[in-house]
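# Overview (structure and organization)
Each chain, written out:
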Amino acid sequence: TDATLRLFGHSEDDVRLTLYRDKAAWCPYCQKVWIMLEEKKIPYRISHINMRSYGHKPDWFLAKVPGGLLPAIELDGKT
């Protein structure tokens, strides 16, 4: 759960996707997306974000995802 990059044999330049998931690692919706990425071996970055019950979300995240809901995916710089 502390990993921030999963490559599956690809180079870091091949990573197009960022998964924004809960910092506590217990959100079932985040887990479903995480499991799918792992099973498909899609290279991705991970950014851990507080759930509302654990504190405020960073302003930069709310600018990308105005509703603040998790999980969120950014593909090629677009959420």
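Residues numbered from 1 in each chain as written. Predicted model: local features only at pLDDT ≥ 70, side-chain atom pairs only at ≥ 80, totals over all residues. Heavy atoms only, no water.

### Quick notes on the packing of aromatic side chains
In the structure shown here, the tally under the stated rule is 3 aromatic pairs. Aromatic pair tyrosine 20 and tryptophan 60: ring centres 6.0 Å apart, planes at 55 degrees, arrangement tilted. On the criterion of sequence distance, the pair formed by tyrosine 20 in strand β2 (residues 17–22) and tryptophan 60 in helix α2 (residues 59–64) is long-range, its members being 40 residues apart. Among the aromatic residues, ring-to-ring pairing joins Tyr20, Trp60 and Phe61 into one connected group. (Phe/Tyr/Trp six-rings, centres within 6.5 Å; stacked < 30°, edge-to-face > 60°. Helix = DSSP H or I, 4+ residues; strand = E, 2+ residues; numbered from the N terminus.)

### With respect to the side chain of threonine 18
Looking at the secondary structure, you find threonine 18 in strand β2. Here threonine 18 is in contact with Arg45, Ser47, Ala72, Ile73 and Glu74, once residues within four sequence places are set aside. (Contact = heavy atoms within 4.5 Å.)

### Concerning the side chain of glutamate 74
You can see glutamate 74 is positioned in strand β4 (residues 72–75). The class of glutamate 74 is buried, set by a relative accessible area of 11%. Polar contacts involving the side chain of glutamate 74 include one to the side chain of tyrosine 20, which spans 3.4 Å. A polar side-chain atom of glutamate 74 sits 2.6 Å from a polar atom in the side chain of lysine 64. For glutamate 74, the contacting residues outside a window of four places in its chain are Arg16, Leu17, Thr18, Tyr20, Lys64 and Thr79. (Buried < 20%, exposed > 50% of the residue type's maximum accessible area, 1.4 Å probe, protein only. Polar contact = N/O pair within 3.5 Å; in protein donor to acceptor, adjacent residues only side chain to side chain.)

### Describing the environment of tryptophan 60
Of the residues examined, tryptophan 60 reaches a relative accessible area of 44% and is grouped as partly exposed. With 12 residues separating them in the primary sequence, tryptophan 60 and histidine 48 have C-alpha atoms 13 Å apart. Other than its neighbours up to four places away in sequence, tryptophan 60 contacts Tyr20, Ser47 and Ile49.

### So, the pairing of β4
Side chains Ala72 and Glu74 project from β4 onto a buried face, and the interleaved Ile73 and Leu75 project onto a face without burial. Bridge count between β2 and β4: 4 bridges; the pairing is antiparallel. Bridging from a neighbouring strand, leucine 19 pairs with isoleucine 73 of β4. (Pairing = 2+ DSSP bridges.)

### Concerning the confidence of the model for the protein
When pLDDT is averaged along the protein, the result is 94; 99% of the residues meet or exceed 70. Here α2 stands out as the least confident element of the protein, with mean pLDDT 96; β4 is the most confident, with 98. (pLDDT = per-residue confidence, 0-100.)

### Concerning the nonpolar core
Counting residues in hydrophobic clusters, the biggest one holds 9 residues: Tyr20, Cys27, Cys30, Ile49, Met51, Phe61, Val65, Leu70 and Ala72. The next biggest cluster of nonpolar side chains, apart from the first, holds 6 residues, and it includes Leu17, Val33, Tyr44 and Ile46. (Core = buried A, V, L, I, M, F, W, Y, C linked by side-chain atoms within 4.5 Å.)

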